[in-house]
Amino acid sequence: MTDQPSTPQGLNRLRTELVARPLTLLASVVLFVLLVDNNTFWRIGSDVFSGHPFAFAGMVAALYCLTVAVFSPFALPVFVKPFSIFILILSSVTGYYMDTLGAFIDREMIQNVMVTTVTESKHLITIGFLLHVAFYGLLPSAFVLALRLKPQRKLMALGTPFLAGAICLLLTLGLLATNFKTYASVLRERKDFLASYQPGAPIVSTFRYAAMMSKTLNTIAAPIGEDATKGVSYARATKPVLTLLVVGETARAQNFGLNGYGHETTPELAKLPIVNFEEVSSCGTSTAVSLPCMFSKLPRKDYSFEKGKAQQNLLDVLAHAGLKVEWWDNNTGHKGLADRIEARSFAGNEGEHCREGECDDGAFLPALRAYADNITEDTVLVLHQIGSHGPSYFMRYPPEAEKFAPACQTPELKSCSPEEVLNAYDNTIAYTDKTLAETINFLQAQESLSTAMLYISDHGESLGEGGLYLHGAPYFLAPKEQTHVPMILWMSDSFAAQFGHNTGCLVDSRATPLSHDNLFHSALGMLDIETQVYDEALDLFAPCAANKEQS
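Residues numbered from 1 in each chain as written. Predicted model: local features only at pLDDT ≥ 70, side-chain atom pairs only at ≥ 80, totals over all residues. Heavy atoms only, no water.

### Let's talk about the side chain of Thr126
Along the chain, the position of Thr126 falls in the loop between helix 7 (118-121) and helix 8 (127-146). Residue Thr126 is classed as buried on the basis of its relative accessible area of 8%. Those residues within four positions of Thr126 in sequence are excluded, and the remaining contacts are Tyr96, Pro411 and Glu412. (Helix = DSSP H or I, 4+ residues; strand = E, 2+ residues; numbered from the N terminus. Buried < 20%, exposed > 50% of the residue type's maximum accessible area, 1.4 Å probe, protein only. Contact = heavy atoms within 4.5 Å.)

### Regarding the pairing of strand 6 (residues 324-329)
With 5 of 6 residues buried, strand 6 lies mostly within the body of the structure. Of the strand pairs in this sheet, strand 6 and strand 10 (residues 379-384) are connected by 6 bridges, and their pairing is parallel. Bridge pairing links Trp328 to Leu383 in strand 10. (Pairing = 2+ DSSP bridges.)

### Some thoughts on the sheet that holds strand 7 (residues 342-345)
The sheet built from 8 strands is open, its strands ordered 7-6-10-4-11-14-5-15 with mixed pairing. Edge positions in the open sheet fall to strand 7 and strand 15 (514-515), since each of these has one partner strand only.

### Overview of the packing of aromatic side chains
Overall, the coordinates contain 24 aromatic pairs when judged by the stated rule. Members of the aromatic cluster, each reached through a chain of ring pairs, are Phe41, Trp42, Phe49, Phe56, Tyr183, Phe193 and Tyr197. Residue placement shows Arg344 over the ring face of Trp328; its charged tip is 5.0 Å from the ring centre. (Phe/Tyr/Trp six-rings, centres within 6.5 Å; stacked < 30°, edge-to-face > 60°. Lys NZ or Arg CZ within 6 Å of the ring centre and 35° of its normal.)

### Notes on the state of the cysteines
By the definition in use, this model includes 4 disulfides. Note on cysteine connectivity: Cys354 is disulfide-linked to Cys359, with sulfurs 2.0 Å apart. Classification of the bridge connecting Cys354 and Cys359 rests on its S-S torsion, roughly 95°, and on that basis the disulfide is right-handed. Cys359 carries the same exposure label as Cys354, and that label is buried. Sequence-ordered numbering of the bonded cysteines in the protein chain gives a pairing of 1-2, 3-4, 5-6, 7-8. (Disulfide = S-S within 2.5 Å.)

Next up, the structure:
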């Protein structure tokens with residue numbers, strides 16, 4: 001009987017037999033990623049090239065050749081294993097989020113990743129994610145480590161990758177030339193096709209993000225609105241003004257009962273004399289984009305990260321006018337908006353509204369009660385909510401506030417039924433309704449202050465419609481669920497009278513299409529701040545102004 005080799009001997013023999021040239025290894029890794037980590041890419045491609053399988057095959061072959069050509073310098077023996085492992089793990093991560101949540105890994109998504117916090121990101125590290133990365137990333141990486149590279153002459157080892165890269169590039173051009181008009185049309189009209197390609201999309205997006213950030217390394221925000229002054233409305237004031245600008249998180253207008261939604265998610269606000277603006281669109285589909293954009297004087301069509309960072313924002317203009325301005329945050333930070341004003345963080349505090357290192361938005365009201373007692377000057381407070389931030393919707397409201405059941409109790413949304421996901425999300429809206437209504441009731445009771453509140457969400461949310469979850473879709477692809485946001489106004493009688501705002505007129509204009517473009521100028525108009533950077537055409541209060549010139 002022949003003796004069986006021991007396990008270590010067997011592994012050593014296996015490793016001896018696992019031999020590959022560096023270029024072969026790299027090309028195999030690219031092929032593995034193309035076949036395994038690109039479910040969304042294959043699905044979109046099958047739709048785009050429906051009825052034209054040969055054109056689809058030509059495009060896939062061209063992308064494969066182009067990827068090998070771009071990666072070919074890393075086929076040098078010293079680089080090929082580390083680079084292959086990097087590609088395998090990266091593609092397993094990005095492919096998972098692309099395939100399970102519909103998350104396109106574009107420049108803005110890379111920006112979201114770079115500015116996120118551990119508290120926020122931990123909800124995306126689930127058992128399903130870890131198992132996926134282990135099976136499709138770590139296991140193939142172990143195979144790469146075990147593989148032995150076939151020895152090559154030095155000149156051959158150095159020259160082969162670049163020669164192969166040149167050949168693959170020529171093949172790419174040749175394949176595209178076979179049906180150039182079709183391919184050009186697809187790339188022009190269906191940007192989601194290439195945006196879903198792993199590992200190309202995340203790598204290109206990372207370089208684009210790095211280029212964007214490098215342009216702003218030494219950027220200093222240029223002052224705007226330094227001429228800002230309080231208008232004539234303040235001459236007739238008998239008490240300090242307190243205005244709350246509440247920035248919602250991930251709230252979509254479709255799920256507000258005020259807008260006719262089937263679930264009664266906003267019963268408390270419905271009882272109050274508010275103005276509910278029904279048709280408001282966001283500047284972006286993520287906080288990292290929308291938040292600085294909505295406070296910028298630039299409209300969405302002109303806004304960019306570089307332009308926004310190069311100039312001051314609405315909060316600076318209000319401060320220039322002599323108002324006391326503060327930022328209170330229960331989210332992931334102010335994204336540079338409050339660099340020149342006082343800022344306070346509620347995230348991670350302890351208390352009745354906090355658990356597992358996170359706080360719900362009920363934490364604001366006790367602090368507001370204490371703060372209001374000491375107000376002696378005209379004040380603007382920005383409250384940045386955690387709102388409806390997913391995927392752990394169940395963490396955004398206290399357990400006793402659960403109104404709609406059964407509700408999803410896990411961040412793995414695909415493991416819950418559509419009804420459970422919707423219920424959990426609707427519970428966050430109902431809790432926002434409760435906190436906003438309690439805030440309004442508190443403001444209404446402040447006889448020593450002239451008070452108002454303007455609430456507007458930064459972006460919406462997808463809850464599985466069309467296979468999309470969460471938010472952050474490229475704007476050109478984003479469904480209305482991610483861009484249609486709620487905006488709610490409440491003013492005390494003394495505030496409306498002081499600033500000459502006709503509430504009835506505002507109610508009548510509630511269906512007027514608006515956007516984040518209106519926030520900068522509407523806030524200035526609402527508070528009667530005079531400055532050259534104000535644009536009356538974008539002020540939603542301007543058409544309803546009454547007695548504004550009376551002193």
